[in-house]
Amino acid sequence: MNIAEKVYCRVFQFGFKLAIPVLPYRNPEVLNSVERILEMLKEKKIERVMLVTDGVVRSLGITKHLEELLGRKGFTAVVYDRVQSNPTVRIVEEARQLYLQKDCQALIGFGGGSSMDTAKAVGALIARPKSNLEDLGGILRIWKKTPLTIAIPTTAGTGSETTVAAVVVDEESGHKYALMDFPLIPDAAVLDPETTLTLPPRVTAGTGMDTLAHAVEAYIGRSTTKQTRREALRCVRLVFGNLERAVKNGSDRKARRNMLRASYLGGAAFTVSYVGYAHAVSHSLSGKYNVPHGETTAILLPYVLEAYGTTIYPQLKALAIAAGVAHMDTEEALAAQSFIRAVWELNRRIGIGTKIPELKKEDIAKLARLAAAEGNPVYPVPVLYGAKELERFYYDVLEEGGTRA
Ligand SMILES: [Fe+2]
């Protein structure tokens with residue numbers, strides 16, 4: 001990246017950083033069990049709600065308790081259970097039609113990031129009935145209050161339960177884009193370990209490392225606040241203390257609860273302080289090959305941290321202390337390297353590899369351009385890279401190896 005581009009990126013990021021204190025960021029109210037939803041609905045005088053979920057979560061019986069509870073207590077629960085792993089414009093539109101037909105008053109996104117994002121996107125269309133999703137894509141395009149939205153994550157997690165974003169895919173063009181505005185932050189998030197107990201180890205591992213990446217990328221970036229630094233460190237502490245246990249013993253309720261808390265904190269940190277290139281590169285890969293976002297991000301994270309070098313050593317030392325692999329008096333370089341090693345090690349212990357087999361060498365240049373377009377100028381990364389420089393990360397994770405750019 002040339003000097004002029006770097007200056008442009010940094011000025012852009014500085015402008016957004018200055019705006020943080022005046023922007024209406026808020027954290028969703030935390031509800032510790034699904035039962036608490038009833039009190040909230042009563043308080044808001046809401047009688048008809050729409051549950052947005054996917055067929056797998058519903059067939060596993062995870063939504064059953066809430067559906068029955070709502071019915072027993074006299075609420076009408078309309079269920080939309082056709083969410084797919086990358087929510088499409090058609091899915092969101094279908095869910096919106098059902099919401100309007102049944103005269104619903106609130107949304108409950110119940111599932112992984114896709115179900116929560118679908119509920120949030122439906123909320124955006126309800127708030128802006130004359131717009132389509134494409135019009136609402138990008139930053140600050142909604143500007144109107146959405147219906148009451150409650151997020152119930154069944155993975156820990158994408159952080160969608162706390163963020164300003166909802167990601168959708170246009171199935172015709174293949175274009176994946178995010179709606180990002182403050183009304184999309186859910187009003188409440190239910191962090192109930194019962195909803196994550198059936199999550200398979202591989203998904204637990206990938207989504208858990210995604211959570212770690214949210215906290216780490218937010219923390220090492222240049223737009224942190226005292227609060228997001230605190231949230232990120234708490235998230236890192238929880239992931240290192242609980243993820244391996246949650247992967248190896250899915251019914252460990254305490255580990256599951258702590259991972260839900262970690263996901264919430266990681267989401268709260270990155271929705272204010274952004275993610276970085278591990279995410280930008282990962283998004284380009286998951287869009288192209290439909291590989292799980294959490295896993296690809298987990299694989300990329302240590303490579304990206306190594307590439308930044310000594311610039312981020314002070315931050316890495318703080319993260320190493322939070323992870324329990326260094327002390328205050330550990331020498332900075334040693335602590336920083338210990339943290340990166342701890343990420344490699346955690347990946348290995350929970351079954352995450354070091355390469356992405358789906359990646360094809362001939363796609364790298366195009367994917368790197370997509371990653372650069374996502375990251376620059378928005379992500380306040382510690383070291384700026386253009387598309388050509390970002391290619392190195394694809395070669396890092398290329399199974400067959402190859403020459404770095
Ligand atoms: Fe992520």
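Residues numbered from 1 in each chain as written. Predicted model: local features only at pLDDT ≥ 70, side-chain atom pairs only at ≥ 80, totals over all residues. Heavy atoms only, no water.

1. Looking at the side chain of Thr 224
Along the polypeptide, Thr 224 turns up in the loop between helix H8 (201-220) and helix H9 (226-248). Residue Thr 224 is classed as buried on the basis of its relative accessible area of 12%. Looking at Thr 224, its side chain comes within polar contact range of the side chain of Arg 229, at 2.9 Å. Leaving out residues up to four positions away in the same chain, Thr 224 has contacts with Lys 17, Ala 218, Tyr 219, Arg 229 and Ser 273. (Helix = DSSP H or I, 4+ residues; strand = E, 2+ residues; numbered from the N terminus. Buried < 20%, exposed > 50% of the residue type's maximum accessible area, 1.4 Å probe, protein only. Polar contact = N/O pair within 3.5 Å; in protein donor to acceptor, adjacent residues only side chain to side chain. Contact = heavy atoms within 4.5 Å.)

2. Here we look at the coordination of the iron ion
Protein coordination of the iron ion is provided by Asp 210 (OD), His 214 (NE2), His 279 (NE2) and His 293 (NE2), with donor distances spanning 2.1 to 2.3 Å. One way to put it: the 4 donor atoms around the iron ion meet at angles of 88 to 169°, and that makes the site irregular. Summarised as a motif, the one-chain spacing of the donors to the iron ion is D-x3-H-x64-H-x13-H. One end of the pair, His 214, is in helix H8; the other, His 293, is in helix H12 (residues 293-308), and 79 residues separate them in sequence. (Donors = N, O, S within 2.8 Å, 3.2 Å for Na, K, Ca; no water. Tetrahedral: all angles 85-135°; square planar, octahedral: opposite > 155°, others 65-115°.)

3. A short note on the sheet that holds strand S2 (residues 48-52)
Pairing is parallel in the open sheet, where 6 strands are placed in the order S1-S9-S6-S4-S2-S3. Looking at the sheet topology across the chains shown, the edges are occupied by strand S1 (29-31) and strand S3 (76-80). On average, each strand axis in the sheet is tilted by 25° relative to the strand beside it, whichever way the strands run. Judged from the 4 bridges that link them, S2 and strand S4 (residues 106-111) form a sheet pairing that is parallel. (Pairing = 2+ DSSP bridges. Axes fitted to C-alpha atoms, helices over the stretch in contact; angles between N-to-C directions.)

4. Re helix H11 (residues 277-289)
With 13 residues, H11 extends 18 Å from end C-alpha to end C-alpha; this agrees with the ideal 18 Å at 1.5 Å per step. Burial runs high along H11: 10 of the 13 residues are buried. All of the buried residues in H11 are Tyr 277, Ala 278, His 279, Ala 280, Val 281, Ser 282, Ser 284, Leu 285, Ser 286 and Tyr 289. Here the buried face of H11 lies against strand S8 (176-180), H8, H12, helix H15 (364-375) and helix H16 (387-397). (Expected span 1.5 Å × (residues − 1).)

5. What about the sheet that holds S8?
The strand order across the open sheet formed by 3 strands is S5-S8-S7, and the pairing between neighbours is mixed. The open sheet is flanked by strand S5 (138-139) and strand S7 (165-169), the only strands paired with a single partner.

6. Notes on the layout of surface pockets
Picture a little ball the size of a water molecule; that probe, rolled over the atoms, points out where space is still empty. By volume, the second largest pocket amounts to about 220 Å³. Looking at the second largest pocket, it is lined by 15 residues, and the ones nearest its centre are Arg 202, Glu 295, Ile 299, Lys 355 and Pro 357. Looking at the lining of the second largest pocket, the elements that each hand over two or more residues are H8 and H12. For the lining of the second largest pocket, a count of residues per class yields 8 nonpolar, 3 polar and 4 charged. (1 Å grid on protein atoms, 1.4 Å probe; cavity = no way out; pocket = protein on both sides within 12 Å on 5 of 7 lines; lining within 4 Å. Points joined across faces, edges and corners; volume = space filled by probe spheres on them. Nonpolar A, V, L, I, M, F, W, Y, C, P; charged D, E, K, R; others polar.)

7. Quick word on the environment of Ile 352
Mapped onto the elements, Ile 352 comes out in the loop between helix H14 (332-349) and H15. Judged by its relative accessible area of 8%, Ile 352 falls in the buried class. Through-space distance from the C-alpha of Ile 352 to that of Gly 206 is 7.6 Å; in sequence the pair is 146 residues apart. Beyond its immediate stretch of four places on either side in the chain, Ile 352 contacts Ala 205, Gly 206, Met 209, Glu 295, Ala 298, Ile 299 and Asn 347.

8. Regarding unusual backbone geometry
Cis geometry is found at the peptide bond from Asn 376 to Pro 377, where omega equals 5°. Mapped onto the secondary structure, Pro 377 falls in the loop between H15 and H16. Phi angles above zero are rare outside glycine, and Lys 45 is one such case at about 55°. The phi dihedral of Trp 143 is positive, around 55°, even though this residue is not glycine. Taking relative accessible area as the criterion, Trp 143 reaches 64% and is therefore assigned exposed.

9. A short note on the domain arrangement of the protein chain
Much of the literature gives interface size as the accessible area that the parts lose upon coming together. As far as domains go, the protein chain holds domain 1 (3-21 + 199-397) and domain 2 (32-196). With centres defined by C-alpha atoms, the gap from domain 1 to domain 2 works out at 26 Å. With 21 residues of domain 1 at the interface, the matching set in domain 2 holds 20 residues. Counting the surface lost from both domain 1 and domain 2, the interface buries some 1800 Å², and carbon and sulfur atoms represent 58% of this. (Domains from an automatic or database assignment. Buried area = accessible area lost by both parts, 1.4 Å probe.)

10. Details of the packing of aromatic side chains
Under the criterion given, the structure shown has 8 aromatic pairs. Ring geometry for Tyr 8 and Phe 12: centres 6.3 Å apart, planes at 55°, overall tilted. Highlighted residues: Tyr 8 and Phe 12, both in helix H1 (residues 3-19), separated by 4 residues, approximately one helical turn. For Phe 12, a relative accessible area of 26% gives the class partly exposed. Summarising the aromatic geometry, the rings of Phe 240 and Phe 339 are spaced 5.9 Å apart at their centres and angled 55° between planes, so their arrangement reads as tilted. Of the two residues, Phe 240 sits in helix H9 while Phe 339 sits in helix H14, which places them 99 residues apart along the sequence. Through successive ring pairs, a cluster of aromatic residues spans Tyr 277, Tyr 308, Tyr 385 and Phe 393. (Phe/Tyr/Trp six-rings, centres within 6.5 Å; stacked < 30°, edge-to-face > 60°.)

11. Describing the side chain of Thr 162
When you line up the elements, Thr 162 lands in the loop between strand S6 (148-153) and S7. Taking relative accessible area as the criterion, Thr 162 reaches 0% and is therefore assigned buried. Within the structure, the side chain of Thr 162 is placed 3.2 Å from the backbone nitrogen of Ala 268, a separation counted as a polar contact. Every residue in contact with Thr 162, bar those within four places of it in the chain, is listed here: Pro 28, Ile 185, Pro 186, Tyr 264, Gly 267, Ala 268 and Thr 271.

12. Observations concerning a negative patch on the surface
Among the surface-exposed residues, Glu 358, Glu 362, Glu 399 and Glu 400 lie close enough to one another that they form a single negatively charged patch. Tracing the backbone shows Glu 358 in the loop between H14 and H15. (Patch = residues over 30% accessible without salt bridge, like charges linked within 9 Å, V, L, I, M, F, W, Y side chains within 5 Å. Areas by Shrake-Rupley, 256 points an atom, 1.4 Å probe, with all protein chains shown as cover. Salt bridge = Lys/Arg side-chain N within 4 Å of Asp/Glu carboxyl O. Lys, Arg positive; Asp, Glu negative; His and termini not counted. Charge placed at Lys NZ, Arg CZ, Asp CG, Glu CD.)

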